Amino acid sequence: MNFFPVVDPEVRSATECYDLSCELAELADELGYEHVQTVEHYFTPYGGYCPDPVTLLTAMAARTRRVRIVTGAVIPAFTHPVKLAGKLAMLDHLSHGRLDVGFGRAFLPAEFAAFEVPMDESRARFTEGVEACRQLWTTENLVWRGKFHSFGPVTLLPRPYQRPHPPIFVASATSAESCAAAGRAGHHLQVVPSVTTTEQLQGMLDAYRQAWAAAGHEPGGHRIQIKYTCYLSERHDEALAEGERWERSYVTHMARAVAPLAAGGGADYPGYETFAEKAAGYDFHRSLAANKVLAGDCDAVRDQITAIRSALGTDLDMSLQFSPGALGRDQAVTAMRLFAENVIPAFRESREHAAV
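**Re the overall build of the protein**
- Looking only at helices and strands, the protein features 12 helices and 11 strands.
- The globule rule puts the C-alpha radius of gyration for 356 residues at 21 Å, and the 19 Å found for the protein is close to it.
- Principal-axis analysis of the C-alpha atoms gives the protein an extent of 60 × 45 × 45 Å.
- Counting all 356 residues of the protein, 55% fall into the buried class.
- Excluding contacts between residues fewer than 6 apart, the proportion of contacts in the protein whose partners are at least 24 apart in sequence is 71%.
- Counting only carbon and sulfur atoms, one obtains 52% of the accessible surface of the protein, whose full area is about 15000 Å².

**Some remarks on unusual backbone geometry**
- The residue after Gly72, namely Ala73, is reached through a cis peptide bond having omega 15°.
- For the peptide bond that leads from Arg163 to Pro164, omega is 5°, which places it in the cis range.
- Its place among the elements puts Pro164 in the loop between strand E6 (150-154) and strand E7 (168-172).
- The backbone of Phe43 shows a phi angle near 80°, a positive value even though the residue is not glycine.
- Inspection of the secondary structure assignment puts Phe43 in the loop between strand E2 (35-38) and helix H2 (53-62).
- At Glu116, a residue that is not glycine, the phi angle is positive and equals roughly 55°.
- Residue Glu116 is classed as exposed on the basis of its relative accessible area, which comes to 72%.

**Some words on the side chain of His187**
- Looking at where His187 falls in the secondary structure, it is placed in the loop between helix H6 (176-185) and strand E8 (188-191).
- Exposure remark for His187: the relative accessible area of 12% places this residue in the buried category.
- Filtering out sequence-adjacent residues up to four positions away, His187 remains in contact with Val130, Ile168, Val170, Ala182, Tyr208 and Trp212.

**A short note on the confidence of the model for the protein**
- When the pLDDT values of the protein are averaged, the result is 93; 92% of them are 70 or greater.
- Confidence over residues 352-356 falls short of pLDDT 50; this stretch has 13 contacts with residues more than four positions distant or in other chains.

**Focus: the pattern of salt bridges**
- One pass over the structure, following the stated rule, counts 14 salt bridges.
- Taken together, the salt bridges that share partners define one network made up of Glu34, Arg68, Asp100 and Arg223.

**Comments concerning empty space enclosed by the protein**
- Scanning the entire structure with this criterion turns up 2 cavities of 30 Å³ or more.
- For the second largest cavity, the lining is made up of 14 residues, of which Phe4, Pro5, Cys17, Ser21 and Ser323 are closest to its centre.

**Let's talk about the nonpolar core**
- Counting residues in each nonpolar core, the largest one holds 106 residues, and the members touching the most others are Phe103, Trp137 and Phe339.
- Per-element accounting of this core gives the leading share, 8 residues, to helix H12 (residues 329-343).

**A short note on the packing of aromatic side chains**
- The full count for this structure, using the stated rule, is 16 aromatic pairs.
- Taken together, a centroid distance of 4.4 Å and an interplanar angle of 10° make the contact between Phe78 and Phe115 stacked. One end of the pair, Phe78, is in the loop between strand E3 (68-74) and helix H3 (81-94); the other, Phe115, is in the loop between helix H4 (109-114) and helix H5 (122-138), with 37 residues separating them in the sequence.
- We classify Phe115 as partly exposed; its relative accessible area is 32%.

Conventions used here
Within each chain, residue numbers correspond to sequence positions counted from 1 in written order. Only residues with pLDDT of at least 70 are given local features in this predicted model, and only at 80 or more are side-chain atom pairs given and counted; all residues enter the totals for whole chains, interfaces and linings. As a rule here, side-chain values come from all non-hydrogen atoms in the structure, and water together with hydrogens is ignored. Helix and strand assignments follow DSSP, with helices taken as H or I runs no shorter than four residues and strands as E runs no shorter than two, numbered in order from the N terminus. Atoms counted for the radius of gyration: C-alpha only. Globule rule: 2.2 Å times residue count to the power 0.38. When a residue's accessible area, from a 1.4 Å probe over protein chains only, is under 20% of the maximum for its type it is buried; when over 50% it is exposed; and in between it is partly exposed. In what follows, a contact means two residues having at least one pair of non-hydrogen atoms within 4.5 Å. Every accessible area reported is derived by Shrake-Rupley at a probe size of 1.4 Å, with residue values counting cover from the shown protein chains alone. The pLDDT value tells you how sure the predictor is about a given residue, anywhere from 0 up to 100. Salt-bridge detection follows one rule: a side-chain nitrogen of Lys or Arg within 4 Å of a carboxyl oxygen of Asp or Glu. Lining residues are defined by having an atom within 4 Å of a point belonging to a cavity or pocket. Those points lie on a 1 Å grid over the protein atoms alone, cavities being sets where a 1.4 Å probe fits but cannot get out and pockets being open sets with protein on both sides within 12 Å along at least five of seven lines. Grid points are joined across faces, edges and corners, and a volume is the space filled by probe spheres set on the points. Nine residue types can take part in a nonpolar core, namely buried Ala, Val, Leu, Ile, Met, Phe, Trp, Tyr and Cys, and a core is a set of them joined through side-chain atoms within 4.5 Å. Note on aromatic pairs: the rings of Phe, Tyr and Trp (six-membered ring only in Trp) are paired at centre separations within 6.5 Å, and the planes decide the class, stacked below 30 degrees, edge-to-face beyond 60, tilted for the rest.

Right under this line is the structure:
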């Protein structure tokens, strides 16, 4: 389960969004889903309802007992590593060791401007922030002398619930290089297929798997989370209509948020500068045919997942958004139940963990 709020405040309030997200997290726990996760964004309707994923995930952890709690992702560039590592260690305890930590670089120019962080430092700040958190979780009397932060000696309290630390995921949008670096470091991976071609995504995943293996990490020990929006209904045409409506809303809001990149507002984000142009030509049915979004009745969605596994591999954990935009609460609940009852069982025999 993936919660990514892309909605205008006049359409759905923050309170309504949080209440629904927590209700669906409880339902995910009941139905046997593997995880719930949410994002970090600021200021705009494109994810801006979730400036602190740790806060929302803490509320979800309090209302669930089994489902894993995942940041997807937190942004090291915007938070001092001592604060970030401490908040995440607290959440690891509050969830009794159910936390997976996804770290991301961020890519929205307005966010970097507000935090007074140059975008061309994003990769270096990301790398340093992830390693600083890892060492804060595992090292006593840590002395850190980095490019962006220096501190110590300090011993973080609390120490994480999970030892030596919660599983670390790296979020990558388009970069095979970033995927390979995650594999070499022994980190897990989070990817979004909507901003890449199938061939590009295959290259990213191959680079990750090869780097994991070449570094001598445990065979098959990696985890790959791949994120999709899922519009599921007993009526195929109804699901497609809702999918077309809310995917168009998503693309429009994202295009506005990344628009400054087109004018040179950021560096080292290949492809993002043309997103506004791509958004203008967006076609839901082409996206559906390319399996960038899941939509339809149960048979159709099962067929899509089969095709995705054939193209990208069977070692994927799908992270699904069932409540995009301001989709109605009843529609989201119905989609979750249909997926749990009629889609997951089709793949249970081929996966150690059947839930997604």
